[in-house]
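# Chains, contacts and geometry: an overview
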Amino acid sequence: MRISQLLIGASPGDAVTEAALRLSDALSLIAESEVYAVHIHPALEGRVTRLAKFPLDGSADDVLILHVSIGEPGIADFVANCPERVILSYHNITPSSFFEEFDPAFAARLRAGRWELKAFADSAMGAIADSEFNAAELKALGLTDIEVAPPPLNLQRLHDIEPDAHFTDELAAVEGPLLLTVGQILPHKRPELAVDAHHLLNVNYLPKARLFIAGVFTNPLYSSALVRHVESLKLSTVRVLGAVTDAQLSALYRRADVLLVPSEHEGFCVPIIEAFSLGVPVVARGFGAIPETAGAAALVLPCSATAADLCEAVNRVLSDKAISLEMTRLGLERARLFTAEETLHGSLAALARVLQREPVLAISDHLT
Amino acid sequence: MSGKARPDDVVSVTVTEPIDLHQVLEEVRVAAANARATGVYPAGLEESLQSDFARQLHRPDPRDRILHLRKELERLNSAAHLKQTSAPTTSSLPGGSAAHKAVAKVVGRQINALYEQMNEFTGELLPVIGHVVDGLQDPRSHMHEDLVCELNSMQDRVAELQRTLDHLDTSFRDSASVMARMLDHLNAFDGLSARLQRLEEAERRRGFDPFFDYGDFEDVGRGPTAEMVVEYRELADGLVGVPGPVIDIGAGRGEFLQLLAERDVPSWGIEIDEALVVKSAGSGIEIRLSDGLEALRDVPFGSLGAIVMLHVIEHLTPNELLELVQLSFDRLAPGGRLVLETPNPQSLYVFARAFWLDPTHSKPVHPVYLEFVLRQAGYSHIEFDWTAFPSEDERLVEPLGDTALDQVVAENARRLNSLVFGAQNYRVTARR
Amino acid sequence: MRILYCVQRYGESIAGGAEAACRSVAERMSARGHNVEVLTTCAQSYNDWADHFAPGTSSENGITVHRLRVRAPRISERFVPLHQRVTVGEAAAPAVQMDWLRTLGPDVPELAPWLEEHGADFDVIIFYTYLYATSGFGVKVASVRAPTLLHPAAHDEPAFWLEVYRPMLNAAEGFSFQTIEEMELMRSRYGRVREDELVGLGVDTEILGDGGRFRRQFGLGEDPFVLFLGRIDPGKGPDELYQFMTTLMDHGRTTAKLVVVGEPIVSLPEHPRVVFTGFVDEQTKHDALAAATVFAQPSYFESFSLSLCEAWVQSRPALVQARCDVLRGQAERSKGGISYTGLAEFDAALSRLLADPQLRDQLGAAGREYVRANYQWDEVLARYERLLERVIVDWCSRRMLP
């Protein structure tokens with residue numbers, strides 16, 4: 001009996017890839033479990049297998065978990081025709097409107113993804129969503145009984161790893177308060193809003209505050225526009241770091257005084273939980289799944305908030321010790337709900353519940 | 001030492017009043033509103049920040065394309081090693097795998113040869129692309145427009161190659177679903193073309209397309225040619241010695257061009273009405289059939305001595321006027337003049353008599369607005385002349401008596417005169 | 001005419017050049033019968049604009065003065081990095097320039113509403129200096145209600161070329177320039193200048209200085225000396241003058257002394273042949289000018305140099321800094337001074353002047369004649385009034401208002 005997982009793209013640091021790998025480790029204890037992907041980053045060559053190698057001898061006894069976050073030509077048909085029972089794991093497809101203007105090819109893939117989602121929904125026996133926000137999108141397509149469970153996280157890796165020493169020294173030398181933004185440099189994450197808010201913060205309140213932007217330069221056009229924007233504003237207090245290692249990320253969280261999340265679309269938002277677990281107050285805008293993920297432990301501003309509003313909120317947190325202490329406390333408390341064990345258990349339980357709807361063999365018994 | 005709270009601090013601090021984050025949010029909202037009201041974040045500041053980013057986004061750096069190309073190249077390099085051994089020989093049919101393997105052995109040599117050729121090809125292509133990319137990255141190489149185009153098509157071809165390689169590993173699927181999608185698109189397209197037709201019809205109705213010869217009506221509306229000439233002599237005199245040729249946009253029948261020719265001022269005209277262009281042929285002056293904006297776009301920068309538009313701008317839409325002013329600025333030589341004459345909307349007389357007589361008039365242009373636009377565009381030495389005052393007999397009589405009543409009547413008459421019988425036209429001259 | 005002056009600081013105790021010029025013109029225009037009011041801040045210091053005077057309307061020397069509060073005193077910690085970003089290196093984005101101008105200050109939230117409400121009560125609104133936020137943001141607002149005139153008091157400095165000032169330059173109906181050099185500077189940056197905008201400043205040509213009294217007061221005897229007048233801070237160039245003079249003195253190339261009259265901000269070292277008088281009153285200042293053998297104006301950044309004209313009123317020859325366009329221009333036009341670049345030229349010019357009393361008198365007389373011909377108050381104000389009238393007529397005629 002096999003429980004396979006299918007990703008479109010597997011790359012290190014990608015939240016969906018991480019979740020699939022953790023799940024796979026757990027599932028391997030009770031069944032044959034491989035992770036397949038269409039596009040595989042070289043660093044993951046050994047862990048993830050090319051879709052071409054997907055076994056052709058599957059049956060209705062086997063399960064295929066399809067992780068959906070973007071469209072890919074051919075997958076809809078593959079899924080429709082494969083004999084395995086399909087379970088959707090929906091991580092949310094970014095709305096194509098964010099990319100229309102400057103990367104129409106990518107926008108087309110996102111649009112195709114949404115179109116295909118309907119087809120997947122029809123083929124699947126059930127669905128798991130990372131958040132109520134994601135679940136709502138599936139409900140709009142006519143799916144019912146969607147299981148909601150946060151993806152399996154691995155926060156401990158940031159705690160266990162030795163923070164990058166060189167980086168830590170550099171960060172320790174920073175005099176003023178330190179703001180942090182974590183996330184891929186993509187338009188729906190709105191990193192430029194963090195830059196604008198930081199400029200206003202420097203001008204009006206805290207001239208020594210520094211902003212570090214950590215995140216992969218997934219889209220070269222957007223990333224270089226961001227860097228040029230910082231240059232055009234002549235902001236020497238902002239550093240756009242690009243991709244960082246876990247060791248460096250750990251050092252950043254440990255020194256940060258605030259995590260700023262200007263993002264306009266999130267299916268879960270892992271950095272919020274990472275920040276909570278390392279005692280960093282979080283200021284965010286209430287888009288997508290952010291209010292659900294943050295709960296009552298962060299300062300969640302209304303969606304209409306602009307750079308100026310973010311600036312005011314951050315200033316408040318940085319100048320009032322009592323508030324930042326309270327936010328740290330609330331964050332740590334909330335992070336306990338998202339440990340590796342908790343989240344893995346939650347995901348497996350959700351999986352079990354979906355499978356129980358069509359009990360075949362005793363898979364579900366194995367899972368609980 | 002940062003002021004950041006460490007997890008251990010939390011235990012030791014006793015908070016006197018419980019912190020309610022909802023309350024903090026409300027306080028932040030009030031603080032932000034206050035800050036906006038007192039001008040800490042003036043109107044337009046945040047928009048300016050956003051538009052700066054948008055500008056960076058739409059100004060792609062050639063370096064990005066090279067980076068992108070490199071990434072693609074790397075992917076291609078890793079995917080491009082085709083081996084016979086990686087082609088699947090398993091099958092889900094009973095005995096299928098054995099048969100498959102046997103066939104593979106037989107055609108092995110041919111398949112190998114094919115693979116070798118493909119490998120050779122990609123092996124040769126990839127280094128070439130690599131060299132091109134290296135060359136482009138060399139800061140000493142100059143990026144020409146055509147090179148950038150080459151880059152684009154190169155990128156496309158690389159992507160093509162990648163797709164081809166991908167498809168070699170998957171098999172063809174049923175095209176029925178594809179057909180269904182295409183039919184959907186065609187249906188949508190039908191509806192779309194119907195809408196387009198309706199839009200075109202509406203646009204046609206909004207335009208002006210008389211069944212009569214419009215030139216005949218123009219003769220009715222304005223005075224005969226001789227009168228025109230007298231009015232513009234002074235203007236023509238003033239354009240002698242400008243630093244370059246003069247163009248008359250909306251030259252009509254060429255009366256003003258005649259005046260310039262008499263003064264040996266190099267000039268030509270632009271006119272969009274074919275009938276008028278034909279009428280002027282053979283009279284010794286040059287009028288070109290063209291749209292004014294297009295004609296200006298073709299003129300080299302800084303080459304004109306003056307641009308004259310007599311009774312043209314009241315026919316334009318607001319955006320067209322702005323474009324015209326900006327285009328003109330660049331085309332004038334330093335010291336060159338822009339001369340615009342148009343009806344004066346501050347005179348109510350104008351509306352009763354001449355303005356609405358012309359069915360093609362769009363909107364009068366207010367001198368205050370026009371001055372603002374000219375200044376914003378960078379013109380200097382902006383001067384106004386008011387012309388074509390209604391005759392004395394048309395104006396209200398201002399009695400000269402001494403009585404209080406006489407004085408009141410005189411004052412009233414004076415006010416009405418200045419409001420109603422003001423100059424019918426104004427001419428603005430601006431210098432680059 | 002009903003005139004409103006809008007200036008960043010105002011008051012008898014305010015020493016800055018532009019502010020003092022504004023006050024002196026305002027008071028004299030009022031004396032000529034115009035209805036003059038002033039809109040300003042409560043600030044005393046231009047370093048932070050902190051409220052010092054009481055807000056509200058008051059009367060000072062017969063002029064109605066409206067004072068508005070600043071939002072908050074400028075915090076140099078926040079201003080300095082922003083100032084660096086904007087004035088050093090490549091141009092910063094427009095949003096950053098806007099923030100810089102507001103932070104440069106004075107940041108007066110009530111200024112725009114006041115001008116919108118009361119602006120139409122005046123025939124003309126006059127702004128002093130291009131640099132500060134009062135003009136930077138205020139001219140545009142005021143120009144909707146009434147014609148505006150700007151006294152730029154401009155130098156060729158990095159801030160002068162910033163794009164953020166373009167709306168202000170566009171909105172001003174006209175300018176008033178102190179020298180032809182300033183007018184040319186504005187023409188090269190902006191283009192739209194008119195001949196009647198060269199007004200100059202007024203100088204009192206009737207003051208008599210008592211040289212003897214000054215020499216007695218400071219024990220100078222009959223010794224020849226070079227006089228420097230003004231604030232001793234680096235931008236004003238006294239350190240260069242000090243270096244030159246002490247070098248020449250120490251090498252025995254001159255017998256003249258150096259007398260420095262003015263408030264010390266940066267202190268220069270003691271020297272046996274240099275006399276520091278510290279702050280002195282107005283009359284003593286004119287006495288010093290009358291007593292001087294040669295008047296020196298070493299400053300790199302002058303937009304007019306009132307003290308140079310005052311020296312010429314006392315018929316003194318001048319040695320001026322050639323690196324400053326305005327000073328060089330004034331000296332050339334008046335033939336009342338010699339300009340120098342560097343020590344060698346300074347040495348040569350000084351020796352010549354000290355050796356030739358007739359030359360000194362000739363230069364002094366030429367200088368005095370120049371000031372009388374160009375900068376007598378009555379004439380300057382008459383020119384000014386004609387400029388204001390022209391500006392008002394232009395603004396109204398576009399609106400076809402009577």
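Look up a bit, the structure's there.
Bear in mind the structure is a predicted one, so any value in this text is a computation, not a measurement. (Residues numbered from 1 in each chain as written. Chains lettered and ligands numbered in written order. Predicted model: local features only at pLDDT ≥ 70, side-chain atom pairs only at ≥ 80, totals over all residues.)

Tallying secondary structure elements over chain C gives 15 helices and 13 strands in all. Per-residue burial over chain C gives 46% buried out of 402 residues. Long-range pairs, those at least 24 residues apart, make up 67% of the contacts in chain C between residues at least 6 apart in sequence. (Helix = DSSP H or I, 4+ residues; strand = E, 2+ residues; numbered from the N terminus. Buried ≥ 20, exposed ≤ 12 C-beta atoms within 10 Å, placed from the backbone. Contact = placed C-beta atoms within 7 Å.)

A separate point is the pairing of strand β13 (residues 337–340) of chain C. Residues and elements named next belong to chain C. Side chains G337 and S339 project from β13 onto one buried face, and the interleaved I338 and Y340 project onto a second face that is buried too. Across 4 bridges, strand β12 (residues 318–321) lies against β13 in parallel orientation. Bridge assignment links V320 to a residue of β13, and that residue is S339. Note on the crossover from β12 through helix α12 (residues 325–334) to β13: the handedness is right-handed. (Pairing = 2+ DSSP bridges. Right-handed = clockwise from strand over helix to strand, strands pointing away.)

Attention shifts here to the nonpolar core. In this structure, A:L260, A:I272, A:V282, A:V283, A:L310, A:V314 and C:L227 are the most contacted members of the largest nonpolar core, which totals 188 residues. When near neighbours in sequence (up to four residues on either side) are disregarded, A:L310 contacts A:L193, A:A197, A:L260, A:P262, A:V283, A:L301 and A:A305. In this structure, A:A19, A:Y36, A:V79 and A:A350 belong to the second largest nonpolar core, which totals 47 residues. (Core = buried A, V, L, I, M, F, W, Y, C linked by C-beta atoms within 7 Å.)

Here the focus is unusual backbone geometry. In the segment running from C:G105 into C:P106, the intervening peptide bond is cis, with an omega of -5°. Following the sequence through the fold, C:P106 ends up in the loop between α3 (94–104) and α4 (111–118). For B:A388, which is not glycine, the phi torsion reads 55° and is therefore positive. Examined against the element boundaries, B:A388 turns out to sit in the loop between β6 (380–387) and α16 (404–420).

Taken residue by residue, the interface counts 18 residues in chain B and 14 residues in chain C. Looking at the side of chain B that touches chain C, the elements that each hand over two or more residues are α3 (45–57), α15 (367–377) and β6 of chain B. Broken down by element, the residue count for the side of chain B that touches chain C peaks at 5 residues, all from α15(B). A class-by-class count of the residues in the side of chain B that touches chain C yields 6 nonpolar, 9 polar and 3 charged. (Nonpolar A, V, L, I, M, F, W, Y, C, P; charged D, E, K, R; others polar.)

This part covers the environment of C:E116. All names here are of chain C. Turning to its location among the elements, E116 is positioned in helix α4. For E116, a count of 13 C-beta atoms within 10 Å corresponds to the partly exposed category. Note: C-alpha distance between E116 and S143 (27 residues apart in sequence) is 9.6 Å. Dropping the residues within four chain positions of it, E116 is found in contact with V141 and R145.

Residues and elements named next belong to chain A. At a minimum axis distance of 9 Å, the contact between helix α6 (residues 165–172) and helix α9 (residues 246–255) shows a crossing angle of 25°. Comparing the axis directions of α6 and α9 gives the class roughly parallel. Relative to α9, the crossing made by α6 is right-handed. Counting all contacts with α6, which are made through F167, T168 and L171, the residues of α9 involved are Q248, A251 and R255. Taken together, the residues of the contact of α6 with α9 break down into 3 nonpolar, 2 polar and 1 charged. (Axes fitted to C-alpha atoms, helices over the stretch in contact; angles between N-to-C directions. Parallel < 35°, antiparallel > 145°, perpendicular 65-115°, else oblique. Left-handed = near helix turned anticlockwise from the far one by under 90°.)

Residue and element names in this part refer to chain A. Judged by pairing direction, the sheet is parallel, and its 7 strands sit side by side in the order β3-β2-β1-β4-β5-β6-β7 without closing on themselves. Each edge of the open sheet is held by one strand with a lone partner, namely β3 (49–50) and β7 (147–148). Direction of pairing for strand β5 (residues 85–90) relative to strand β6 (residues 126–129): parallel, over a ladder of 4 bridges. Looking at β6, one finds that L88 is bridged to A127. Along the sheet, helix α1 (residues 15–27) contacts β1 (3–10), β2 (35–40) and β4 (63–68); its crossing angle with β1, the most-contacted strand, is approximately 160°. Those strands touched by helix α4 (residues 132–140) are β5, β6 and β7, and its axis lies near 150° from that of β6.

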